[in-house]
Amino acid sequence: MKKALKSFLQENKKTVLTLFVLGILEEIFFRFTSSDLLTFSALLLYILFVKLYKLKSTFTFLLCLILLLVVSIDYVFTGASVSTEKAAVWFVLFFIVGVVQQWKE
Amino acid sequence: MDLGGDSSRLYFYDPISYLSKATLYVVSPSSYGAEYLGYSNIPFIFFLIILRSIVISPTILICMFYGISLSGAFLFTYLAIKELLDTKNSWWAAAIGGLVYAFSPGTLDGWKHVLITYNHIFLSPLIFYLLLRYFKTANIRYILGTILITFFFSPNFSVAGAPALFSFYPLSILFLIVYTKLILKRKIVIKHIVLALILFIGIQAFHLFPVVSSIFSQGNDIHGTIFTDKGKFDRGLSYFSAIAPSIKTSINLFILPQMRSLDIFSNVFIVFPFVIVIGLFFNKKKAMLLAATFFLILLFFATGNITNIWLSLYKGLFTIPGFSMFRNFHSQWVYTYLFFYALLFGQAFYIVTNRFNKKIYSYMLTFFFLAILTINAWPLIKGDIPNEMLWQSKNVKASLKIDPDYEKALSYVRTLPADAKVLTLPLTDPGYQVVGGKDGGAYMGPSTISYLGGKKDFAGYDELLGYKELVLQLIKDKEYEKLKSLLGLLNIKYIFYDADPVIYNKFPSFPYEQVRTVFPKDQKSYKQFIQELDFKEIKNINNKFFVFEISDEYFLPHITIAEKSVSFNNSITEIQTPLSLYKINKIALFNYSGVPIDSQIKFDEDLIDSTKSNSYTHLTSSIDVSSFGFPFVSWDMTSPLYPFIVFREKKELESLTGVDQIQIDRTLFLAEKRIAELEKWGKDTKIVGNVGSIEDLDVAWEEPTLVKAMLLQKYNYWEISFLRFYRTIDNVIDQIEKENTANLKVKGNKYRISRALHRDREILYRIIQRSENVTDQQKMYLLELSTRMFDSLDDRLQFAIPPPSRLDYNWDTLEKGEYEIYIDKKFVQNYNQRELNLEMNNRQFSFDALDQENDWFKILYTKTDKSTQNNFTLFITQEPNLIANTMWKSFDKLDQGTDFASLTINDDLEATGLMKEIDNWRPKTYYFVSFDYKTNGKRFSVKIFDRKHGENSKKFTILEDELFAKEWKSYTSLVLSTDDANAGFIQFLKSGGNVLFNQLESQENVTKIDIKNFSIVKIPTPKILVRRVNVPNKPRQLPSLTFTRVNPTKYIVRIQNAKDPYTLVLVDQFNTNWKLVDPTQDTDTIRSVLARIVGKIGKAGVAIFGMQAIDQTKGVLRYFDGNVNQTVTQDVFLDTKTFDTWGKTEIAQYKHFPANGYANAWYIEPKDMRGKTEYTLVIEMTSQKMLYGGLFLSIGTFFVVVLLLAKTFFKK
């Protein structure tokens, strides 16, 4: 079962990661409250993906760039709104992951 | 030049005066002369004196200093980035990094330099660079240079600079250590670090030693801030929690200023973090990764609001003693954050620009960032910052050229002979002084009279502390004789009046907002006001600056002997009571304020103000404002830590077993936390939805275990919050009811809870109606549930307040002895004989037959035995009904008679209600309200509000109660009018005003309220004093004294003819470090022997430098027919006599007490001076001795560092 799940995830790497990013964007724009449980669960999931897909820090920083783009666009149009702040927090958390990965590398 | 601001920049204008008047001593140069930490500025001011002697003009000095600091900030950030990059051709990236630090929107405000400690903005990069060089080269020269710099900028390493110090240096040094070990892979020379630490402590000893001593002295302000819960949580965590939601992560990422409205250009700064992320994307260097790590740590500290977990952890840090210095956390961390941001940005920029194939792209990108930063900093570059207008002024510039007339005035003030205080007019609110410039502009900051003139002055109303309201009241009532007597009591001899219209008329609000409600509105009427005060003019400079003098008959010299020492049971705000009884102000009044004093101190008299200790005050005091206010909550009910908060509160509630007002207030405060939680987190709180009543839930619900509460979030329900509120209130009512219910005190306690419940009911209704994520149906359910809960609690608190027709005074606790009872004549004059009766121990008294003394009726009373029951009662048969003669006003259908009113609400009308003006409304007065009513099953409310006469005056609601009765019901209430009100109104109106609320009511009846037997009467508060004279009848001879001021921390007092005990008063802020020393007597302790040895060494050392003590007497001032004399001299900081008291005996150590609310008093008996009648005493502030010792050590260390530094060059 575990192996099957692993191989399924590995076969669908692009889809899984795309869904993951979309999930974060959904959380930023369509949820009005923020939950640490959700945030850190997602982060933990991402760390598992890092292990599973052997993702490099460059990938995480790429993700950071996407999130930063979201923060910036949202900031220009809505100021420091709830969604801007949520995106900024996601950016910071992924930035930490990226820095830790680069230390390891 | 702009010299103002919170700590001013007067040291640029006249550093010599600033050093001698405001820096060299541990006593504040202004107001009451509290203990003061300004001496940490000594080396910095000395440094400015040297610079000033070179550049001469203060304007050039300011320009030079600010220029150096701005370019220093850029230069040393640039150099630090260059060192970290450690590659050729990196200068442009380092330069952009340097500019990010110096010119980012987040730092621009800092360049206003409003505080002396803002030097850290350039000092931090400078020291970071020097330490980086040290860690790279292990050359001790860098460390020694750093230590010398810290000496000149010692304010940045003092208590005042602590937040910036602790936010920058620990992390920066950690960064450098990790950088050295991990990246440079070099050894750290421990002996260098130890030497640096010792030299640093040595060089900063002059301010570190007194501060460390203060930190560990209980009762000291710094100790309180660091170690007490009040300092850590009330001042620290509460402030942090209040501002944390306003600090935004995105704004910090874009290095923009927080809590500001930003212009469209600020959007350009979104490009900065992109450079950092792209830089890291291509990064291969550990140095940059290290910078990124520290950048992240600082981002968390400077933002706070990144995930709830971090916020909770951050809040947890406030349990660490001293962490409350970071309560304004963003301002404290932002500069360190920006510095590391700049370090990271510079390195990232280097990587990004090196990725381009063509140089032209690098140049373009560099130019782009250069342009952004330059455009943003353009106002700073072209000098707009000093040209800003003073806050809330009518276009008065902050930069000015000092008026030569003002310089003359200041010189004159310096020569004023009496060692006395100055009142500076126009008085401001916060203690600022406004001084007009020669060609426009004005100075607004701490008083120049104090900081440059050397005279302690009161420039602001707030500086008058406990006397501030009284001063305003006396001016409002035009009681000018009493005002002069009060000013004299505060040691104010001189009045400095600045008649410049600019400094008053062009500042319509700040800094005169509060005082202008009483003081004249403009300079024209100010002049008239000063004429009315009838002071003696002693100096007029071009009809612009005036100095007046208060007559000696009112003036209390700086050191004096009290004619009467009195123990008074009331606060200093009531000092007018003893002053009107004694008609002298040469008194030492002790007010017990929680600090016990030694039983050896014998007061001439005990004076008990019984005004507020009659039977009825149990009721009136129940409407006083709570000591705790409405709670602020920091932990939401879903937090894993919340059950621990519940546990802590439960323990606190269990400890509140008494039923005094403070304990009831605390219980109410803890109960109201439930309402505050619903207000803040109601939208995320669940609803059970099927609770019939809170009483039912009370039976069914049990407190969950800790684990259950954490895992299942058992507290996160609206109904549970209601229940926890209900239980707390229900419990406190139980406790109150255990007491004798006939007692007015019990009724007062019940009434206090009842008032709080009325307020809470309104708040909770509002919260429910406005709550997000709650449907209308759920809101109806919650409203119904809460209404029933409050009604049930209200039923338990029902009682009728008795009318104020009888005032019983209880003096059972008095010791046996002879007493005099005084009754205020003004009160008695308001009544005729029929209306007012006095009964003492069952004997009737007629006021006509009573003795009279000044403004008082007097009755003698002897208490033969302590257990004797006393009764003293005033009967007031008839107080006028204040609404008897006014007519109702209504928009609705009204039927009124002489003693009833009936109001029928027409729901179609927008304006609604029934209103009546109350006759003869007075400020700060209690009133008793009573009527019968019937609301026919609908909810109405009664409101009383008051205001000052006038169209635009602000309205204050002082009572708001809900009325609900199907049958006739009695209503009674008490209200207290606001401070300035002279017009009061009562209004009945339909409550709720909300569709949801209306649906809860019976729809059958018309909306109608009937009212009858309506009355509002003033509650009498006669001033009654009980006086006991303790001294024997034989007249006492008070000694005479002559005092000499050596400097603000030391006075020599020559006492003559001291045959009886007496009370010596020093009119400076009370501080246990003020000591009375007998200079002729040695103390036989090891510490004193050592002190004498050090003193002798000091004396010899000072003599070497030719600082011999010389007599500088310039005359003698005589007061009270020569009983008090002052020798006029100049201040002496250091001479051979400075050390004369070291190791000498302190006298009356335990008989030192606070007098008149602020001054120092010593009760001295002949035995304290071994029966001598003529002797010399020295009054000195002992912290100054620590400063001398510390300065000696610091200067010594300074020379050691200079020698060591020279040696490093010599070796080379």
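Keep in mind that what you see is a predicted model, and the values were worked out from it rather than measured.

Draft legend 1. Region of the structure containing the overall build of chain B. From N to C terminus, chain B includes 38 helices and 39 strands. Expected size for 1212 residues packed as a compact globule is a radius of gyration near 33 Å; at 35 Å, chain B falls within 12% of this value. For chain B, the spread of C-alpha atoms along the principal axes amounts to about 100 × 85 × 60 Å. Sorting the 1212 residues of chain B into buried and exposed places 56% on the buried side. Contacts in chain B between residues far apart in sequence, at least 24 positions, make up 78% of those at least 6 positions apart. Accessible area for chain B stands at about 52,700 Å²; split by element, carbon and sulfur atoms hold 56% of it. Where the 136 positive side-chain charges of chain B centre and where its 121 negative ones centre are 10 Å apart.

Draft legend 2. Broad picture of the overall build of chain A. A tally of helices and strands in chain A yields five helices and zero strands. A principal-axis box enclosing the C-alpha atoms of chain A has dimensions of 45 × 30 × 20 Å. Here chain A has roughly 6,000 Å² of accessible surface; of this, 72% comes from carbon and sulfur atoms. Computed over 11 positive and 7 negative side-chain charges, the inter-centroid distance for chain A is 16 Å.

Draft legend 3. Broad picture of the packing of aromatic side chains. All names here are of chain B. With the rule as written, the count across this model stands at 119 aromatic pairs over all chains. Measuring from centroid to centroid gives 5.7 Å for F295 and Y337, while their planes differ by 25 degrees, and the two rings are stacked. On the criterion of sequence distance, the pair formed by F295 in helix α16 (residues 286-303) and Y337 in helix α18 (residues 329-355) is long-range, its members being 42 residues apart. This pair shows no difference in class: F295 is buried, exactly as Y337 is. Centre to centre, the rings of W701 and Y715 are 6.2 Å apart; their planes meet at 70 degrees, and the pair counts as edge-to-face. In this pair, W701 is assigned in the loop between α30 (694-700) and α31 (706-712) and Y715 in the loop between α31 and α32 (718-737), connecting sequence segments 14 residues apart.

Draft legend 4. Spatial organisation of the sheet that holds strand β32 (residues 1062-1066) of chain B. Residue and element names in this part refer to chain B. Pairing is antiparallel across the open sheet formed by four strands, whose spatial order is β8-β32-β38-β37. Both outer strands of the open sheet, β8 (559-561) and β37 (1152-1155), are each paired with one neighbouring strand and no more. For this sheet the average axis-to-axis angle between neighbouring strands, irrespective of direction, equals 30 degrees. In this structure, β8 lies alongside β32, joined through three bridges in antiparallel fashion. By the bridge assignment for β32, I561 is matched with L1064.

Draft legend 5. Geometry of a positive patch on the surface. A grouping of A:K2, A:K3, A:K6 and A:K54 is seen on the molecular surface, where their side chains present a positively charged patch. The residue A:K54 is located in the loop between α3 (36-53) and α4 (57-78) in this model.

Draft legend 6. Structural view of the pairing of strand β34 (residues 1116-1119) of chain B. Residues and elements named next belong to chain B. Pairing between β34 and strand β35 (residues 1124-1127): four bridges, direction antiparallel. Following the sheet pairing, L1117 is matched in β35 by Q1126. Connecting β34 to the antiparallel partner β35 that follows it, the hairpin turn spans four residues, and F1120 within it adopts a positive phi of roughly 50 degrees.

Draft legend 7. Region of the structure containing a nonpolar patch on the surface. All names here are of chain B. Residues L641, F644, L706, V707, M710, L711 and L712 make up a contiguous nonpolar surface patch of about 660 Å² in total accessible area. The leading source of residues in the nonpolar patch is α31, at five residues. Relative to the elements of secondary structure, L706 occurs in helix α31. Here L706 falls in the partly exposed class, since its relative accessible area comes to 39%.

Draft legend 8. Representation of the environment of B:T307 in the model. Position of B:T307 relative to the elements: it lies in the loop between α16 and α17 (308-316). Overall, the relative accessible area of 12% leaves B:T307 in the buried class. On a C-alpha basis, the gap between B:T307 and B:N491 in space is 55 Å, while along the polypeptide they are 184 residues apart. Apart from residues no more than four positions distant in its own chain, B:T307 is found in contact with A:D36, A:F40, A:V89 and A:L93. Reaching out from B:T307, the side chain makes a polar contact with the backbone nitrogen of B:W310 at a distance of 3.4 Å.

Calculation criteria
As a convention, each chain's residues are numbered from 1 in the sequence order in which they are written. Chains and ligands are labelled by the order in which they are written, letters from A for the one and numbers from 1 for the other. In keeping with the model being predicted, local features are shown solely for residues with a pLDDT of at least 70 and side-chain atom pairs are shown and tallied solely at 80 or more, while totals for entire chains, interfaces and linings include all residues. Only hydrogens and water are set aside when side-chain values are computed; all heavy atoms of the structure are taken into account. For helices the rule is a DSSP run of H or I covering at least 4 residues; for strands it is a run of E covering at least 2, with both sets numbered from the N terminus onward. Atoms counted for the radius of gyration: C-alpha only. Globule rule: 2.2 Å times the number of residues to the power 0.38. The rule is simple: take the accessible area with a 1.4 Å probe, protein chains only, and divide by the maximum for that residue type; under 20% is buried, over 50% is exposed, in between is partly exposed. We call two residues contacting when some pair of their heavy atoms lies within 4.5 Å. All accessibility values rest on the Shrake-Rupley procedure with a 1.4 Å probe; residue burial counts only the protein chains present in the view. This count recognises Lys and Arg as positive and Asp and Glu as negative, with His and chain-terminal groups excluded. For the purpose of locating charges, the reference atoms are NZ of Lys, CZ of Arg, CG of Asp and CD of Glu. By convention, a stacked pair of Phe, Tyr or Trp rings (six-membered ring in the case of Trp) has centres within 6.5 Å and planes under 30 degrees apart, an edge-to-face pair has planes over 60 apart, and any other such pair is tilted. Strands are labelled as partners when DSSP assigns at least two bridges between them. Think of each axis as a best-fit line through the C-alpha atoms, taken over the contacting stretch in the case of a helix, with angles from 0 to 180 degrees between the N-to-C directions. A patch consists of residues exposed above 30% relative accessible area that lack any salt bridge, with like charges linked at up to 9 Å and nonpolar side chains (Val, Leu, Ile, Met, Phe, Trp, Tyr) linked at up to 5 Å. Whenever a carboxyl oxygen of Asp or Glu lies within 4 Å of a side-chain nitrogen of Lys or Arg, that contact is scored as a salt bridge. In protein, a polar contact requires one atom able to donate a hydrogen and another able to accept it; more generally it is a pair of N or O atoms within 3.5 Å, and residues adjacent in sequence count only if both atoms are side-chain atoms.

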